[in-house]
Amino acid sequence: MERRIPKAGDIYRHFKGKKYRILYNATSTETGEDMVIFETVEGGHKVYASLLESFLSPLDTGRHPHADQKYRFELCRDMQAGAASELRRQGNTTSLILKFLELEDNDQRIRFLQRHQTELDSRFLTAAAESLEFTEMGESVEERFAALMRFLKTKQKYEGRRLR
C-alpha cells in the first residue's frame, strides 16, 4: 500500500505517543533524498528532519511489540477541539513571526509587538529575540515580552541619536 506524502500543517503521531506538525518537505543537498521537516506540537517546539522513507516506514514490531501503531508515524485523525484550536493559534504565531521578520525598523517592531501583545507566545518571542540577536533572560512570557520591548526601545533611542 502506498502511503500519503505528509503535507505542511499535517499532524502525525509517533509510535511512542508524541505529536508532530509537518513544516516542510525538503530534499537533502548531499544525497538528493526526500526529507520531512517537522516540529513537536507540545513543549519547546523542537524541529527535526527525517528521511521521508524512514518517516513513512512500518514499525519494527519485533523491537516494539507493544506499540499501538503499524507505522513509525501515523496521520492524526483524532484531534480534539482544544488541540485543534491550539494548533490554529500556533499557525497564527508562525504567520506573526513571518510578519515580524519583514519589518524594517525598530519603531515598526515596537508598534507590531504592542498591537499583537495578546497573541504572542513563547515560540514567537524566541524567534523574535533570535532574529534581533537578543539574549533572553526572563522566565515568563510577560517578562520576556517586557525585556524584548526594553531592548527595542533602547536600540531605537541610541540608533536615532546616531543618525542626527
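Before reading on, note that the structure itself is shown above.
Computed from a predicted model, the values in this text were never measured in an experiment.

(A) Expanded view of the packing of aromatic side chains. Per the counting criterion, the structure on display carries 12 aromatic pairs. Centroid distance tyrosine 20 to tyrosine 48: 6.1 Å. Interplanar angle 80 degrees. Geometry classified as edge-to-face. Separated by 28 residues along the polypeptide, tyrosine 20 in strand 2 (residues 19–27) and tyrosine 48 in strand 4 (residues 47–51) bring together distant segments of the chain. Look at phenylalanine 55 and phenylalanine 73: their rings are 4.1 Å apart centre to centre, the planes differ by 10 degrees, and that puts the pair in the stacked class. In this pair, phenylalanine 55 is assigned in helix 1 (residues 52–55) and phenylalanine 73 in strand 5 (residues 73–75), connecting sequence segments 18 residues apart.

(B) Representation of helix 3 (residues 106–115). Turning to helix 3, its buried residues number three or more, namely Asn106, Arg109, Ile110, Phe112 and Leu113. One side of helix 3 holds all its buried residues, which, seen down the axis, span an arc of 165 degrees.

(C) Broad picture of the environment of serine 131. When you line up the elements, serine 131 lands in helix 4 (residues 122–131). The sequence separation of serine 131 and isoleucine 97 amounts to 34 residues, and the corresponding C-alpha distance is 9.8 Å. Beyond its immediate stretch of four places on either side in the chain, serine 131 contacts Phe100 and Leu101. Within the structure, serine 131 has its side chain in polar contact with the backbone oxygen of alanine 128 (distance 2.7 Å).

(D) Structural view of the pairing of strand 2. Two elements, strand 1 (residues 11–14) and strand 2, share three bridges in a ladder whose sense is antiparallel. Across the sheet, residue isoleucine 11 finds its bridge partner in strand 2, namely arginine 21. Between the antiparallel neighbours strand 1 and strand 2 lie four residues, among them glycine 17 with a positive phi of about 115 degrees. Pairing geometry for strand 2 and strand 3 (residues 34–40), over seven bridges, is antiparallel. Each residue of the ladder has a partner; that of asparagine 25, found in strand 3, is valine 36. Between strand 2 and the antiparallel strand that follows it, strand 3, lie six residues; glycine 32 among them carries a positive phi value of about 80 degrees.

(E) Main features of the layout of surface pockets. Of the voids in this model, the largest pocket is the one considered here, and its volume is about 400 Å³. Those elements that provide at least two residues to the lining of the largest pocket are strand 2, strand 3, helix 2 (81–102) and helix 4. Take the lining of the largest pocket: its biggest share by element is four residues, from helix 4. Its residues assigned to classes, the lining of the largest pocket comprises seven nonpolar, six polar and two charged.

The rules behind each value
- Residues numbered from 1 in each chain as written.
- Predicted model: local features only at pLDDT ≥ 70, side-chain atom pairs only at ≥ 80, totals over all residues.
- Heavy atoms only, no water.
- Phe/Tyr/Trp six-rings, centres within 6.5 Å; stacked < 30°, edge-to-face > 60°.
- Helix = DSSP H or I, 4+ residues; strand = E, 2+ residues; numbered from the N terminus.
- Buried < 20%, exposed > 50% of the residue type's maximum accessible area, 1.4 Å probe, protein only.
- Arc of directions from axis to C-beta.
- Contact = heavy atoms within 4.5 Å.
- Polar contact = N/O pair within 3.5 Å; in protein donor to acceptor, adjacent residues only side chain to side chain.
- Pairing = 2+ DSSP bridges.
- 1 Å grid on protein atoms, 1.4 Å probe; cavity = no way out; pocket = protein on both sides within 12 Å on 5 of 7 lines; lining within 4 Å.
- Points joined across faces, edges and corners; volume = space filled by probe spheres on them.
- Nonpolar A, V, L, I, M, F, W, Y, C, P; charged D, E, K, R; others polar.

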